Each structure stands twice: as structure tokens, then as C-alpha cells.
Amino acid sequence: AADRIICTKKPEDPCSIFHTSATTTRAKQMQFTHKNRLTMLGMLDQSLKFKATDKFLIGFPLFHISCVLYNHLALAKGAELIVMGPTGWLNPKLPF
């Protein structure tokens, strides 16, 4: 039916692999499952209580796990997503 999402993936199936930056130890790959991702999104949603009228300002690199999570949450809520340019927080045009 058009009103349901049908997913053939299991909660323990991998959904993404992130590479660490090796700032504290050697670089490594971290695998996230669908359950990991949905659990993290649920915790963010419950604690931050974002609404469709909110605006998300993304200052992380787009490949960073935090950015991916906030992007998904913004899209799920129908909120506005504002992505900073390559200078990020160093942009002198920011009003703060």
C-alpha cells in the first residue's frame, strides 16, 4: 500500500560505514546498523524536540556522523536545513 514503508532490511544489517579521523588513535572504520541509526535519531528527537518550523544550521563537514544524523532528523521533521559553506564557523559574514 502507498501509505506504508516496506523495508526488507533487518535492524542488525549495516547501513553505513564511517572512517575515524585518527585524532586520538589509529584510523579505523566504524560500521553502523539500521538499529544504531534509528536509536541515535530517536534519542536526538526526544532530547531536542525539534519541530517542522525549526531551522537546522549545519556547521559540521557533511561526511561527519553528527552532520549525517542532524540532516536525517531535519529531513524527517520537514525542517529547514541550512548548510554552511567550506569555511564553516570561520566565515566572517556570520552574525555572531
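Residues numbered from 1 in each chain as written. Predicted model: local features only at pLDDT ≥ 70, side-chain atom pairs only at ≥ 80, totals over all residues. Heavy atoms only, no water.

**Notes on the overall build of the protein chain**
For the record, the criterion: Secondary structure elements are defined from DSSP: runs of H or I of at least 4 residues count as helices, runs of E of at least 2 residues count as strands, and each element is numbered from the N terminus. Put simply, the radius of gyration uses C-alpha atoms, and a globule should come to 2.2 Å times the residue count raised to 0.38. Partly exposed residues are those whose accessible area sits between 20% and 50% of the maximum for their type, while under 20% is buried and over 50% is exposed, using a 1.4 Å probe and protein chains only. In what follows, residue pairs with any heavy atoms lying within 4.5 Å of each other are defined as contacts. Each accessible area is a Shrake-Rupley estimate made with a 1.4 Å probe; only the visible protein chains count as cover when residues are assessed. A residue counts as positive if it is Lys or Arg and as negative if it is Asp or Glu; His and the chain ends are not included. Where a charge sits is defined by one atom per residue type, namely NZ (Lys), CZ (Arg), CG (Asp) or CD (Glu).
Each helix and strand in the protein chain was counted, giving two helices and four strands. Element order for the protein chain, N to C, with α for helix and β for strand: β-β-α-β-α-β. Against the globule reference of 12 Å for 96 residues, the protein chain gives a C-alpha radius of gyration of 16 Å, more extended than a compact globule. In terms of overall dimensions, the protein chain has C-alpha extents of about 50 × 40 × 25 Å along its principal axes. In the protein chain, buried positions account for 20% of the 96 residues. For the protein chain, the share of sequence-separated contacts (at least 6 apart) that also reach a separation of at least 24 residues comes to 42%. Summed over all atoms, the accessible surface of the protein chain reaches about 7,600 Å², with 61% contributed by carbon and sulfur. Charged side chains in the protein chain number 12 positive and 6 negative. The centres of these two groups are separated by 7 Å.

**Digging into the nonpolar core**
Test applied: Nonpolar cores were defined as sets of buried Ala, Val, Leu, Ile, Met, Phe, Trp, Tyr and Cys residues, with membership established by side-chain atoms within 4.5 Å.
Leu41, Leu44, Phe56, Ile58, Cys67, Leu69, Leu73, Ala74 and Ala79 form the largest nonpolar core, which has nine residues in total. Contributing elements (two or more residues each) for this core: helix H1 (34-48), strand E3 (55-58) and helix H2 (65-77). With four residues, the top contributor of residues to this core is H2. Among residues more than four places away in sequence, those in contact with Ala79 are Lys51, Ala52, Asp54, Phe56 and Ala74.

**Quick notes on a nonpolar patch on the surface**
To keep things clear, this is the line we draw: Patches here: salt-bridge-free residues with over 30% relative accessible area, like charges joined within 9 Å, nonpolar side chains (Val, Leu, Ile, Met, Phe, Trp, Tyr) joined within 5 Å. For this document, the term salt bridge refers to a Lys or Arg side-chain nitrogen within 4 Å of an Asp or Glu carboxyl oxygen.
A surface patch of nonpolar side chains, about 290 Å² in accessible area, is lined by Leu57, Ile82 and Trp89. Positionally, Ile82 belongs in strand E4 (residues 80-83). Exposure remark for Ile82: the relative accessible area of 33% places this residue in the partly exposed category.

**Some points on H1**
Threshold: In this scheme, a helix's expected span is set at 1.5 Å multiplied by one less than its residue total.
Between the first and last C-alpha of H1 there are 21 Å, a value that for 15 residues agrees with the 21 Å anticipated at 1.5 Å per step. Where H1 ends, the next residue or the one after it, Lys49, has phi of about 50°, a positive value.

**Let's talk about the packing of aromatic side chains**
Heads up, the condition is: Any pair of Phe, Tyr and Trp rings, taking the six-membered ring for Trp, is counted once the centres come within 6.5 Å. Such a pair is stacked with planes under 30 degrees apart, edge-to-face with planes over 60 apart, and tilted for the rest.
Taken as a whole, this structure holds three aromatic pairs when the rule is applied. Their ring planes at 90° and their centres at 5.5 Å tell us that Phe18 and Phe32 sit as a pair that is edge-to-face. Of this pair, Phe18 sits in strand E1 (residues 14-19) while Phe32 sits in strand E2 (residues 29-33); the two residues are 14 residues apart in sequence, bridging distant segments of the chain. By the burial criterion, Phe18 is buried, and Phe32 matches it.

**Observations regarding the packing of H1 against H2**
Stated precisely, the cut-off is as follows: Here an angle of 0 to 180 degrees is reported between the N-to-C directions of two axes, which are lines fitted to C-alpha atoms, with helices fitted over the stretch in contact. Small angles under 35 degrees read as roughly parallel and large ones over 145 as roughly antiparallel, with 65 to 115 read as roughly perpendicular and the rest as oblique. By definition, turning the near helix anticlockwise from the far helix through less than a right angle yields a left-handed crossing, and turning it clockwise yields a right-handed one. As a working rule, the residues Ala, Val, Leu, Ile, Met, Phe, Trp, Tyr, Cys and Pro are called nonpolar, Asp, Glu, Lys and Arg charged, and the rest polar, with Gly in that last group.
The contact between H1 and H2 brings their axes to 10 Å, and the two run at 70°. Considering their axes alone, H1 and H2 lie roughly perpendicular with respect to each other. Between H1 and H2 lies a crossing whose hand is right-handed. Along its contact with H1, which presents Arg37, Met40, Leu41, Leu44, Asp45 and Leu48, the element H2 presents Val68, Leu69, Tyr70, His72, Leu73 and Lys77. Looking at the contact of H1 with H2, its residues break down into eight nonpolar, one polar and three charged.

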